[in-house]
Amino acid sequence: MNIEANSYFAAAEPGFVTRHAQRHQQAIERCVDKLRQTMPVIGLRNPKIGTASNQWTYCAPFDWVVSFQAGQLWLALQLTGDPVFMNAARARRPVFRAILAHRQAQDHDLGFQFSLGCVADWLMTGDRESRGMALEAARLLLDRYRPEGRYIQAWNAVAPHGRVDPHHAAGRIIADTLQNLALLYWAHGETGRADFCHAADGHAETALAHLVRADDTSFHTFLFDPVTGAPLRGETHQGYDDASCWSRGQAWLIHGYAQSALATGNRAYLDAARRLAARAEALMGDDTVPAWDYAAPGNAVHRDSSAGAVMAAGVYMIAQQMPLEAGRWRDFGDRLLGGLLDTCDLTNDPQALGMLAHGAAHVASGFADNMLPYGDYYFMEALMRSLGHTQFFW
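Owing to the predicted nature of the structure, the values given are computational and were not obtained by experimental measurement. The residue numbering used here restarts from 1 in each chain and proceeds along that chain's sequence as written. A pLDDT threshold of at least 70 governs which residues receive local features in this predicted model, and a stricter bar of 80 or more applies before side-chain atom pairs are shown or counted, although totals over entire chains, interfaces and linings include all residues. As a convention, hydrogens and water are excluded, and side-chain values are obtained from all of the structure's heavy atoms.

## Regarding the environment of Ala 204
So, point 1. With respect to the helices and strands, Ala 204 occurs in helix H9 (residues 194–210).
So, point 2. The sequence separation of Ala 204 and Arg 150 amounts to 54 residues, and the corresponding C-alpha distance is 8.9 Å. Put simply, DSSP H or I for four residues or longer makes a helix, DSSP E for two residues or longer makes a strand, and each gets a number counted from the N terminus.

## Description of the sheet that holds strand S5 (residues 172–174)
So, point 1. If you trace the three strands from one edge of the open sheet to the other, you get S5-S6-S7, paired in antiparallel fashion. What marks the edges here is a single partner per strand, and that holds for S5 and strand S7 (231–235). Neighbour-to-neighbour, the strand axes of this sheet turn through a mean angle of 20°, independent of strand direction.
So, point 2. At least two DSSP bridges between two strands are needed for those strands to be called paired. Relative to strand S6 (residues 221–224), S5 runs antiparallel, the two sharing three bridges. For Arg 172, the partnering residue across the bridge sits in S6 and is Leu 223.
So, point 3. Along the sheet, H9 makes contact with S5, S6 and S7, crossing S6 at roughly 105°. Lines fitted to C-alpha atoms define the axes, with helix axes restricted to the stretch in contact, and inter-axis angles between N-to-C directions lie between 0 and 180 degrees. Throughout, a residue-residue contact means that at least one pair of heavy atoms, one from each residue, lies within 4.5 Å.

## Some thoughts on empty space enclosed by the protein
So, point 1. A 1.4 Å probe that fits into a set of points on a 1 Å grid over the protein atoms alone but cannot get out defines a cavity; an open set with protein on both sides within 12 Å along at least five of seven lines defines a pocket, and lining residues are those with an atom within 4 Å of a point. Grid points are joined across faces, edges and corners, and a volume is the space filled by probe spheres set on the points. Scanning all chains against the criterion turns up three cavities of 30 Å³ or more.
So, point 2. Of all the secondary structure elements, the ones that give two or more residues to the lining of the largest cavity are helix H1 (21–42), helix H2 (68–80) and helix H14 (373–386).
So, point 3. Basically, the charged four are Asp, Glu, Lys and Arg, the nonpolar ten are Ala, Val, Leu, Ile, Met, Phe, Trp, Tyr, Cys and Pro, and anything else, Gly included, counts as polar. In the lining of the largest cavity, the residues fall into seven nonpolar, four polar and two charged.

## Comments concerning the pattern of salt bridges
So, point 1. One side-chain nitrogen of Lys or Arg within 4 Å of one carboxyl oxygen of Asp or Glu is enough to make a salt bridge. A full pass over the atoms with the stated rule returns 24 salt bridges.
So, point 2. Residue Arg 131 is joined to Glu 190 by a salt bridge in which the shortest nitrogen-to-oxygen separation is 2.8 Å. With a gap of 59 residues between them, Arg 131 in helix H6 (residues 128–142) and Glu 190 in helix H8 (residues 181–191) connect regions that are remote in the sequence.
So, point 3. Given a relative accessible area of 17%, Arg 131 falls into the buried group. In this scheme, a residue with accessible area under 20% of its type's maximum is buried, one over 50% is exposed, and one in between is partly exposed, where area comes from a 1.4 Å probe on protein chains only.

## Quick notes on the packing of helix H10 (residues 247–264) against helix H11 (residues 267–284)
So, point 1. Viewed as axis vectors pointing N to C, H10 and H11 meet at an angle of 155°, and their least axial separation amounts to 8 Å. Relative to H11, H10 is oriented roughly antiparallel. The interaxial crossing formed by H10 with H11 has left-handed handedness. Judged by residue contacts, Gln 250, Leu 253, Ile 254, Tyr 257, Ala 258, Ser 260, Ala 261 and Thr 264 of H10 engage Tyr 269, Leu 270, Ala 272, Ala 273, Leu 276, Ala 277, Arg 279 and Ala 280 from H11.
So, point 2. Grouping the amino acids of the contact of H10 with H11 by side-chain chemistry returns 12 nonpolar, three polar and one charged. Each angle gets one of four labels, with under 35 degrees taken as roughly parallel, over 145 as roughly antiparallel, 65 to 115 as roughly perpendicular, and the rest as oblique. By definition, any crossing whose near helix is turned counterclockwise from its far helix by less than a right angle is left-handed, and any crossing with a clockwise turn is right-handed.

## Observations regarding H1
So, point 1. For H1, spanning 22 residues, the distance from its first C-alpha to its last is 30 Å, which sits close to the expected 32 Å at 1.5 Å a residue.
So, point 2. Along H1, the largest kink reaches about 25° and is centred on Arg 36; proline Pro 40 follows within four residues of it.
So, point 3. For H1, the set of buried residues is His 24, Ala 27, Ile 28, Arg 30, Cys 31, Val 32, Lys 34, Leu 35, Thr 38, Met 39 and Ile 42.
So, point 4. After H1 finishes, the residue Gly 43 shows a positive phi value of roughly 60°. Expected span, for any helix, means 1.5 Å times one less than how many residues it has. Two axes enter the bend calculation: one fitted to the seven residues ending at the residue in question, the other to the seven starting there, and the bend is the angle between them.

## Brief notes about the packing of H6 against H8
In helix packing, the relevant descriptors are the interaxial angle and the interaxial distance, both defined with respect to the helix axes.
So, point 1. Axis separation between H6 and H8 bottoms out at 9 Å; the angle between their running directions is 120°. When the interaxial angle is binned, H6 and H8 end up oblique. Handedness of the H6/H8 crossing: left-handed. Of H8, the residues touching H6 (which contributes Arg 131, Ala 134, Leu 135, Ala 137, Ala 138, Leu 141 and Leu 142) are Leu 183, Leu 184, Trp 186, Ala 187, Glu 190 and Thr 191.

## Side note on the nonpolar core
So, point 1. Membership of the largest hydrophobic core comes to 125 residues, with the highest contact counts inside it found for Leu 184, Tyr 257, Met 311, Tyr 378 and Phe 379.
So, point 2. Residue contributions to this core peak at 10 residues, all from helix H12 (residues 305–321).
So, point 3. Ignoring any residue separated from it by four or fewer positions in sequence, one finds Met 311 in contact with Ala 251, Ile 254, Ala 280, Met 284, Pro 290, Tyr 294, Phe 332 and Leu 336.
So, point 4. Among buried residues, the Ala, Val, Leu, Ile, Met, Phe, Trp, Tyr and Cys ones that are joined through side-chain atoms within 4.5 Å form a nonpolar core. Core analysis: the second largest hydrophobic core is formed by seven residues, Trp 56, Ala 352, Ala 357 and Met 371 among them.

In short, shape yes, function no, at least from these values alone.
In structure tokens form, the structure reads like this:
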């Protein structure tokens, strides 16, 4: 591959200015250095969650987070042109082949997995095997669309030990799925097949009607009658309670709607991202790193750096699409990145294998202060967006 000739490696958008450019540029360079330094330790494994000593535990083959190490490596390739990052990312291809080969491994997270694992490879190198794998994943994601309720079912109706658990899965959508719609929009652009876009838009509109509350906070999950598609109730899976606002769920929606607006030009999606971001900003008060749940009592105990990173990347996308309000949204993005750099940044710690401390994976399960690979990926994406980069894999 002739990296220098590849149009994917474009310069930053002309005229994009952040007051913190030098600090952010130094931070993204440290991220690249961290990846280079940790590759001999991590090898072909994929980080799942950090330990108390800032080492990694690693994913089982079909974990939803298997792609975030690959995503970081593809970003590092974009920034440097160094094929060592391409080789390390592409060496993970067997993980994605295995997902395509096992039905129980396939759920709504196909978008997370294949946008960062295979779409990235196709966009950056023109690798046709990766394109074919990503299109197959998009077809499998399309199969999860339920036209009776106009939504993509999040999870499979089988518990870890094989017991059918319809309450857990059937008729359920979750905020995270907004991030997975990008795979469908990409597949529509590649093939012209209308049902990819139809399903993505159907789900986005349903989520806007039922996950987003009237006050612009959000449910984490929402249940529909699996037969008729009639809306039933909002619930939570990872938040404090059903009526609360889980910060990473709100961030998934912000980034997801901003990305959907970029893909479609639909101003309703951009307005949704804008309203959700404004509400999150208000709920944060003087904080610079979000609490894990905006309504949890004593929420100062647990922060979620991953929610801050996802939200920062989404906020810069809002700025990109709203020139008249760009300064306001860039300021909020800079505030979020400032909080991460001031209180969570591990890129200067030679012992840490990850980039961000203080991620809240699942507080109710006891995972409340950890490095998280998705936090690291979105930290890199947010830093790049703050500096004007606009070519990504979503």
